[in-house]
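# Coordinates in review
Spelled out, the chains give:
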2 protein chains.
Amino acid sequence: MKEIKGGVCAPKGFLAGGIRCGIKAGSQKKDLALIYSQKPCNAAGVFTSNKVKAASVRVSQESVADGKLRAIIANSGNANACTGQAGMDAARRMACAAASALSSIEPSDVAVASTGVIGVPLPVEAIEKNIGALKAALRNDEQGHADALEAIMTTDTRKKEFAVEIEIGGNTARIGAMTKGSGMIHPNMATMLAFITTDAAVERDALDSALRRAVKRSFNRLTVDGDTSTNDMVLVMANGEAGNTSLTVESAGYEIFSGALEKVCVELTRKMARDGEGATKLVTVTVTGAGNEETAEALAKSVASSSLVKAACFGADANWGRVLCAMGYAGVDFDPEKTDVSFKSSSGEIEVCKDGGTVQFSEEKAKEILSREEIEILIRLGEGDAKASVWGCDLTYDYVKINGDYRS
Amino acid sequence: MKEIKGGVCAPKGFLAGGIRCGIKAGSQKKDLALIYSQKPCNAAGVFTSNKVKAASVRVSQESVADGKLRAIIANSGNANACTGQAGMDAARRMACAAASALSSIEPSDVAVASTGVIGVPLPVEAIEKNIGALKAALRNDEQGHADALEAIMTTDTRKKEFAVEIEIGGNTARIGAMTKGSGMIHPNMATMLAFITTDAAVERDALDSALRRAVKRSFNRLTVDGDTSTNDMVLVMANGEAGNTSLTVESAGYEIFSGALEKVCVELTRKMARDGEGATKLVTVTVTGAGNEETAEALAKSVASSSLVKAACFGADANWGRVLCAMGYAGVDFDPEKTDVSFKSSSGEIEVCKDGGTVQFSEEKAKEILSREEIEILIRLGEGDAKASVWGCDLTYDYVKINGDYRS
């Protein structure tokens, strides 16, 4: 597997583009994106489990239900959430506008995404008026990808993208992706969008399985402030242009493909955690030696979500007591007296807790290790060989500032 | 029911005292407390569900197992947690010291509590040396209560106490209580202690039922930073000195007693939320019209725990979108389209969301309402008549400062 450039346009046969249509009021930034496959695609999607679903989520769930997609149309500046029946109509009109502009495709081949302010009606006329310009903006290169990515960003401070090239049975295939998401911001529920393209040939069921497993081990293990776990929408389109024999879950190449898809999702997850609101550090919590993966994940999530652990990370404080406490209320069984904790970063690794109790360690060295921009909390249980990593960030004054300020 | 003074010494036959024995290093503050009943008591206790239990929790669980207690000995400055077998021995030695000083009682009649720094051995010799002075400090008045309360405080900035007087079948009975807890602070897991005394005569099972119900609807609905829910230890002692016929769950007076116990616990819970680390506001989230109480509680807890809602409270921001989002990931079913949200305080009440959608409201009036020190988020579902309230506080810069600073 090697990392390449180009994002969603890296795989063969995918175009992308982004323009400004004026939904982001008072801004010159792009706010309307399109991703399009020249050939039919198998598709899969994972959608927020939040009971409050934006109209775009519900329309996209319908579009993906038959396992086929040709395009994704997405806007920023308005989440089209809590907008009732009018919001549902607007989301469908977005799909129709994209379908008619792209000629030979149906609205049900189009997924719809929105991100931005909640409770405000979506000005879908602005989208319909500009659909020709959006289609004209489609490109099959890195610029097309970059324009589309810009058009879906809201409070993100960094572009979050990734692409890889792999070999499946002698064929070269690529997976490319873009994502947005930095925290729940203002009244905005549509905060996490991830669009993934691949030219690998993958059967519908295999694509769905691979996506679900990748999402489980990446986006569903991301916590910025506990409110980001809505995991709004992750979509993958596979057009088969790489020419390999279409993969099923039994194919020899399936593990290579799904491993690469997971890698892409994990990289995007790490970038989102690092770009968490107010964050100064990416914090990775890894639990190993667990009896099963669910236990490892629950423990890691509890630690990564703990306000006290996050604040300690901000202060570069080697506070293992808070780590143990967060594990203790995670709701799963483990043996504190077999638990070891260490902190790690590019500056080294230091053990701070052994068998659930104190050890001598250099506070100075610990502080140095925890002062890096990427730190890890490593937790070793003595109960099996299951493991899980969860990604988050520190809790800072800036988080409070960003989210405590009066809503504009 | 009327509020009275005197805390745990208000009910007849209870003494309390507090001294300094030097566990809180470098401080002149009191750090050792004793509560004692001159007559045998029925007792009940609720202990942390955190898998990581301090030695004091485990020893107290044993002492309370037979439904009988005569005394509680508690220290601050050291949590005696993550201290292995030596910690268990130290906790038992505390119980033995109290039992021998108080003469006619057994160590198994004594509950033990500790709060303070974690992972450091408890200097139990300091307790043993000073046990005579502790016994001599016992008083049956408000001062004895106040000294004991001071001795269990750590980062609490306010004294948290409450007492009531009730009538049970012509007899006057009292319930008094003290509590400490303000947030998980430094490496300290033993953060919430509540000691309740009553002179009502209550059978063991009835006392246990009443306590569990009161705790469920109070301490278990408290969230300062998500880490406070360890609910370390709540103990109640009932010595029967009020002279009423001993209550069972079928007694006419049981509801009066258990209602009063719940009221006491709720008042202490509100005080703890208000004293949350860095808090400037007590935030009460009340869900009404739910299909069942569990749903109401889960929704309220999710909203009260949300970093984004808490930050919005700090900023006096009428951000109903974050409230709905937090409800949406609570993990329970509800209908967003029947959900109304309003904000309330002493300045008035304002509706900000109707049927899950936007309504016109005055941002200025909302800001005024949310700028008070005690605010309420009222959520009405249209699905039944169950309700629940959860208490928390806002998320402020001071929380980050208190918890992000390097551990001293």
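Please read these numbers as outputs of a predicted model, since none were measured by experiment.

Calculation notes
Residues numbered from 1 in each chain as written. Chains lettered and ligands numbered in written order. Predicted model: local features only at pLDDT ≥ 70, side-chain atom pairs only at ≥ 80, totals over all residues. Heavy atoms only, no water. Helix = DSSP H or I, 4+ residues; strand = E, 2+ residues; numbered from the N terminus. Rg over C-alpha atoms; globule rule 2.2 N^0.38 Å. Buried < 20%, exposed > 50% of the residue type's maximum accessible area, 1.4 Å probe, protein only. Contact = heavy atoms within 4.5 Å. Areas by Shrake-Rupley, 256 points an atom, 1.4 Å probe, with all protein chains shown as cover. Pairing = 2+ DSSP bridges. Axes fitted to C-alpha atoms, helices over the stretch in contact; angles between N-to-C directions. Least-squares fit on C-alpha atoms with pLDDT ≥ 70 in both. Salt bridge = Lys/Arg side-chain N within 4 Å of Asp/Glu carboxyl O. pLDDT = per-residue confidence, 0-100. Expected span 1.5 Å × (residues − 1). Buried area = accessible area lost by both parts, 1.4 Å probe. Polar contact = N/O pair within 3.5 Å; in protein donor to acceptor, adjacent residues only side chain to side chain. Phe/Tyr/Trp six-rings, centres within 6.5 Å; stacked < 30°, edge-to-face > 60°. Parallel < 35°, antiparallel > 145°, perpendicular 65-115°, else oblique. Left-handed = near helix turned anticlockwise from the far one by under 90°. Nonpolar A, V, L, I, M, F, W, Y, C, P; charged D, E, K, R; others polar.

Quick look at the overall build of chain A now. Secondary structure assignment for chain A yields 12 helices and 16 strands. Expected size for 408 residues packed as a compact globule is a radius of gyration near 22 Å; at 22 Å, chain A falls within 12% of this value. Taken over the C-alpha atoms alone, chain A extends approximately 70 × 55 × 35 Å along its principal axes. Taken over 408 residues, chain A has a buried fraction of 64%. In chain A, 79% of the contacts between residues at least 6 apart in sequence involve partners at least 24 apart. Element-wise, carbon and sulfur atoms account for 47% of the exposed surface of chain A, whose accessible area totals about 13900 Å².

Looking now at the sheet that holds strand S15 (residues 374-380) of chain B. Residues and elements named next belong to chain B. Across the sheet, which stays open at both edges, the 7 strands sit in the order S9-S16-S11-S15-S12-S13-S14 with mixed pairing between neighbours. Two strands in the sheet have a free side with no partner beyond their single neighbour: strand S9 (222-223) and strand S14 (357-358). Where S9 and strand S16 (residues 386-393) come together, 2 bridges link them in parallel fashion. In the sheet register, Leu222 faces S16, and the bridge partner there is Trp391. Relative to S16, helix H8 (residues 293-305) is tilted by about 20°, and along the sheet it contacts S9, strand S11 (282-290), S15 and S16.

In this section: the sheet that holds strand S12 (residues 340-345) of chain A. Residues and elements named next belong to chain A. Overall, mixed pairing links the 7 strands, which are arranged S9-S16-S11-S15-S12-S13-S14 in an open sheet. A strand with exactly one partner marks an edge of an open sheet, and here the two such strands are strand S9 (222-223) and strand S14 (357-358). With 7 bridges joining them, strand S11 (residues 282-290) and strand S15 (residues 374-380) adopt parallel strand pairing. Along S15, the bridge assignment pairs Thr286 with Leu378. Helix H7 (residues 254-274) contacts S9, S11, S15 and strand S16 (386-393) of the sheet and is inclined by roughly 40° relative to S16.

Here we come to the relation of the copies chain B and chain A. Superposition record for chain B on chain A: RMSD 0.0 Å, screw rotation 180°, translation along axis 0.0 Å. Accordingly, the operation relating the two chain copies is best matched by a two-fold axis. Minimal C-alpha separation from the rotation axis in chain B is found for B:Tyr397, amounting to 2.7 Å. Interface residue correspondence from chain B to chain A reaches 98%, placing this contact among same-surface, isologous pairings.

All right, on to the pattern of salt bridges then. Residues and elements named next belong to chain A. This structure, assessed with the given rule, holds 47 salt bridges over all chains. Ionic pairing is found between Glu241 and Lys39, a salt bridge with its closest N-O pair at 3.5 Å. You can see Glu241 sitting in the loop between strand S10 (233-238) and H7 and its partner Lys39 sitting in strand S3 (residues 32-47), a full 202 residues away along the chain. Among the residues examined, Glu241 registers a relative accessible area of 30% and is labelled partly exposed. On the basis of relative accessible area, Lys39 is assigned to the partly exposed category, the value being 42%. Among the salt bridges present, the one from Glu255 reaches Arg213, with a minimum N-O distance of 3.2 Å. Here Glu255, found in helix H7, pairs with Arg213, found in helix H6 (residues 204-216); they are 42 residues apart in sequence, far enough to count as distant. The network of salt bridges with common partners includes Arg213, Lys216, Arg217, Arg221, Glu255, Glu262, Glu293, Glu297 and Lys301.

The next point concerns the confidence of the model for chain A. Put simply, chain A has an average pLDDT of 90, and 95% of its residues get 70 or more. Both scores are available for the predicted complex, with the pTM at 0.80 and the ipTM at 0.72.

Here we take up H6(A). Residue and element names in this part refer to chain A. With 13 residues, H6 ought to run about 18 Å at 1.5 Å a step, and its terminal C-alpha atoms sit 18 Å apart, in line with that. Those residues of H6 lying buried are Ala206, Leu207, Asp208, Ala210, Leu211, Ala214 and Val215. Contact partners of the buried residues in H6: S3, strand S8 (193-198), S10 and H7.

Further remarks concern the interface of chain B and chain A. How big an interface is tends to be stated in terms of the accessible area lost upon association of its parts. Each side of the interface is counted separately: chain B has 57 residues, and chain A has 57 residues. Both sides of the chain B and chain A interface together cover about 4600 Å² of buried area, and 58% of this is carbon and sulfur. In this assembly, chain B and chain A are joined by 0 salt bridges. Where chain B packs against chain A, one counts 0 residue pairs in polar contact (both at pLDDT 80 or more).

Across 5 bridges, S12(A) lies against S15(A) in antiparallel orientation. Residue A:Val341 lies in a different strand from S15(A), and its bridge partner there is A:Ile379.

All names here are of chain B. The final tally for this structure, using the stated rule, is 2 aromatic pairs over all chains. Taking 5.5 Å as the distance between ring centres and 85° as the angle between the ring planes, the aromatic pair formed by Phe314 and Tyr397 counts as edge-to-face. Of this pair, Phe314 sits in helix H9 (residues 307-314) while Tyr397 sits in helix H12 (residues 397-404); the two residues are 83 residues apart in sequence, bridging distant segments of the chain. What makes Phe314 partly exposed here is its relative accessible area of 24%. Residue Tyr397 is classed as partly exposed on the basis of its relative accessible area of 30%.

Once that is clear, we can look at the side chain of A:Thr286. One can find A:Thr286 in strand S11. In this structure, A:Thr286 is in contact with A:Glu376, A:Ile377, A:Leu378, A:Ile379, A:Ala388 and A:Ser389, ignoring residues within four places of it in sequence.

Next up on the list: H7(A). An ideal rise of 1.5 Å per residue puts 30 Å on 21 residues; H7(A) measures up with 30 Å between its terminal C-alpha atoms. H7(A) sits mainly inside the fold: 15 of its 21 residues count as buried.

As a further point, take the pairing of strand S6 (residues 160-168) of chain B. Residues and elements named next belong to chain B. The buried count for S6 comes to 7 of 9 residues, which makes it a mostly enclosed element. Bridging between strand S1 (residues 2-3) and S6 involves 2 bridges; their strand directions are antiparallel. Directly across from Lys2, in S6, lies its bridge partner Glu165. The sheet contact formed by S6 and strand S7 (residues 171-180) spans 9 bridges and is antiparallel. Bridge assignment links Lys160 to a residue of S7, and that residue is Thr179. In textbook terms, the turn of a hairpin is the stretch between consecutive antiparallel strands, and for S6 and S7 this stretch comprises 2 residues, one of which, Gly169, has a positive phi near 50°.

Moving on, we come to the packing of H8(B) against helix H10 (residues 320-328) of chain B. How two helices pack is summed up by the angle between their axes together with the distance between the axes. All names here are of chain B. Orientation of H8 relative to H10, taken along the N-to-C sense of each, is 130°, at an axis distance of 8 Å. The angle between H8 and H10 places the two elements in the oblique class. In this structure, H8 meets H10 at a crossing whose hand is right-handed. The segment H8 lies against H10, with Leu299, Ser302 and Val303 engaging Val323, Ala326 and Met327. Residues of the contact of H8 with H10, tallied by class, amount to 5 nonpolar, 1 polar and no charged.

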